[in-house]
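Coordinate inspection notes
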Amino acid sequence: MRKGKIRLSSSQMIILGFAAVILLGAVLLMLPISSKTGTVTPFLECLFTSTSAVCVTGLVVFDTAVHWTVFGQSVILVLIQIGGMGVITVAAAITMAAGKKISLMQRSTMQDAISAPQVGGIVRFTGFILKGIVIIEALGTVIMVPVFIRDYGFGEGLWMAVFHSISAFCNAGFDIVDDGVLFNSLMGYAADPVINLTIMLLIIIGGLGFFTWRDIYTNGIHIKRYRMQSKVILAVTAGLILVPSIYFFFFEFAHLPFTERLWGALFQAVTPRTAGFNTADLNAMSETGQMLTSLLMIIGGAPGSTAGGIKVTTFAVMVSVAAAVFQRRQNGRFFGRRIDDETVKNAATVFLMYISLFLIGGMAISKLENLPIMACLYESASAVGTVGLSLGITLELGTVSKLILIAQMYIGRVGGLTLIFATLPATKNTLSRLPVEKISVG
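Now for a quick tour of the structure. (Residues numbered from 1 in each chain as written. Predicted model: local features only at pLDDT ≥ 70, side-chain atom pairs only at ≥ 80, totals over all residues. Heavy atoms only, no water.)

**Some points on the overall build of the protein**
Within the protein, the regular secondary structure consists of 18 helices and two strands. Buried positions account for 53% of the 442 residues belonging to the protein. Summarising the internal contacts of the protein: among those between residues at least 6 apart in sequence, 69% fall at separations of at least 24. (Helix = DSSP H or I, 4+ residues; strand = E, 2+ residues; numbered from the N terminus. Buried < 20%, exposed > 50% of the residue type's maximum accessible area, 1.4 Å probe, protein only. Contact = heavy atoms within 4.5 Å.)

This is the structure we're talking about:
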């Protein structure tokens, strides 16, 4: 009698795939060859670092340039690349490179992994994604390499250009700048136009989403031909960069020289969505600025991108539905198109889930560690949104608090709905419906 095979759903394959890569990464980082001290790094710290890399977050318990060897940094970079592309996309790329056929089940899993609207053409589209990633990361490297070679010499400068190009495109926020100040990120390049502009463009391009790429590649400047989702992503992304930039320019960085002030304002508006680099002292910002940054971290980038967060489309749907209520319309709308009820329900679920994780995580860490609530909420938003910005409390956290952040990073990367669909059994739909009774809200 043959035993039945265990069949995993697409959602289960995605969450298990990410978990497997995280554990493998943690084991590799524990090897003595990974650390500059030549000793075994404790498992919890390795698990935290591996989770942060695979979930393209950037929260760290060690300065990446100081603690890890080139081997350790290479492990982190590979984990970042896998996390940014997605475990399923990487697996599909390996299968395609080996010349093997991709089954219908694998195609369905690929569809879920990159939030594709349909299975048809998914293999060809994956090839487009892979080519795009290679070209963009290579261009980022070529543009930044003269600056890093100038500062660090040819070999180290080339490695830094490659590392930061991949880290920025994948919205990871890991850096290997060793300027004598721990956890200084890119503050030494606060007024450098090449590094600022290149890192920002890589973050934005990675966060726009693969399907937005295809619309831009196919239709060029003819925006009217874009799918509604691409129009929403581009419009909301522009707004979420412009408005915070104006605030940061006039209220947070007014004391800086003009050039540094301009680059700082733009960079600080871009990096929370969801990259984690910084060119300014985050602790010197007002609590208003820190809270604005936290909100940007929670929103994140676009679906099917290298970014995390609730996604700009979820945020846009919630705003549109609220506007529909104010205007006494039945449905939210974008660019002459109605938003369907299923999308609204999914958006509300994701929004509630992320806000709950953000608040509960922040409050729990504050209570456990007896730290200021604002700093803990900032850390929580950074983990849930897979950003990596921190007010410097990561090193002070105990085991339980680190495990909370690990869970938040993991959930933030695999996606709230993916986790729900993977863990909860589907309810059978029936034709019968419960009677309606109104409940007052608001």
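Moving on from the model shown.
**Regarding the side chain of S34**
Secondary-structure assignment places S34 in the loop between helix 1 (10–30) and helix 2 (43–54). When its relative accessible area of 0% is taken as the criterion, S34 is described as buried. With residues near it in sequence (within four places) discarded, S34 still touches L28, L29, H67, W68, T69, F71 and G72.

**Details of unusual backbone geometry**
With omega at -10 degrees, the peptide bond leading from R273 into T274 counts as cis. As for its position among the elements, T274 is in the loop between helix 12 (258–270) and helix 13 (287–299). Unlike most non-glycine residues, N171 shows phi in positive territory, near 60 degrees. Here N171 shows up in the loop between helix 8 (154–169) and helix 9 (193–208). Note on N171: relative accessible area 0%, which makes it buried. Notably, S185 is not glycine yet its phi reads approximately 50 degrees, a positive angle. Its location among the elements puts S185 in the loop between helix 8 and helix 9.

**Brief notes about the nonpolar core**
Membership of the largest hydrophobic core comes to 104 residues, with the highest contact counts inside it found for I76, I80, F174, I195, I199 and F277. Here this core gets nine residues from one element, more than from any other, and that element is helix 7 (residues 122–152). Listed in part, the 14 residues of the second largest apolar core include L208, L296, A302 and V312. (Core = buried A, V, L, I, M, F, W, Y, C linked by side-chain atoms within 4.5 Å.)

**Quick notes on the pattern of salt bridges**
Applying the stated rule across the entire model yields five salt bridges. K402 is the salt-bridge partner of E45, the closest N and O atoms lying 2.8 Å from each other. With E45 in helix 2 and K402 in helix 17 (residues 399–414), this residue pair connects regions lying 357 residues apart in the sequence. In this structure, E45 and K402 share a single accessibility class: buried. A salt bridge links D215 to R227; the shortest N-O distance between them is 3.6 Å. Remark: R227 occurs in the loop between helix 10 (210–219) and helix 11 (228–252) and D215 occurs in helix 10; sequence separation between them is twelve residues. (Salt bridge = Lys/Arg side-chain N within 4 Å of Asp/Glu carboxyl O.)

**Topic: helix 4 (residues 70–85)**
Compared with the 22 Å implied by 1.5 Å per residue over 16 residues, the 22 Å span of helix 4 between its first and last C-alpha is a close match. Here helix 4 lies mainly inside the structure; twelve of its 16 residues are buried. Listing the buried residues of helix 4 in full gives G72, Q73, V75, I76, L77, L79, I80, Q81, I82, G83, G84 and M85. (Expected span 1.5 Å × (residues − 1).)

**Side note on the packing of helix 9 against helix 12**
Running from amino to carboxyl end, helix 9 crosses helix 12 at an angle of 20 degrees, the nearest separation of the two axes being 10 Å. When the axes of helix 9 and helix 12 are compared, the pair comes out roughly parallel. By crossing handedness, the relation of helix 9 to helix 12 is classed as left-handed. On the side of helix 9, the interface is formed by P193, N196, L197, I199, M200, I203 and I204, while helix 12 contributes W263, L266, F267 and V270. (Axes fitted to C-alpha atoms, helices over the stretch in contact; angles between N-to-C directions. Parallel < 35°, antiparallel > 145°, perpendicular 65-115°, else oblique. Left-handed = near helix turned anticlockwise from the far one by under 90°.)

**Some words on the packing of aromatic side chains**
In total, this model carries eleven aromatic pairs according to the counting rule given. Relative to F163, the ring of W159 lies with its centre 5.9 Å away and its plane at 65 degrees, an arrangement referred to as edge-to-face. Taken as a pair, W159 and F163 lie in helix 8 at a separation of four residues, close to a single helical turn. Judged by relative accessible area, which is 21%, W159 ranks as partly exposed. Since its relative accessible area comes to 0%, F163 is described here as buried. Pairwise contacts between aromatic rings join Y247, F248, F251 and F253 into one cluster. When the ring centre of F249 is taken as reference, the NZ or CZ atom of R261 above it lies at 4.0 Å. (Phe/Tyr/Trp six-rings, centres within 6.5 Å; stacked < 30°, edge-to-face > 60°. Lys NZ or Arg CZ within 6 Å of the ring centre and 35° of its normal.)

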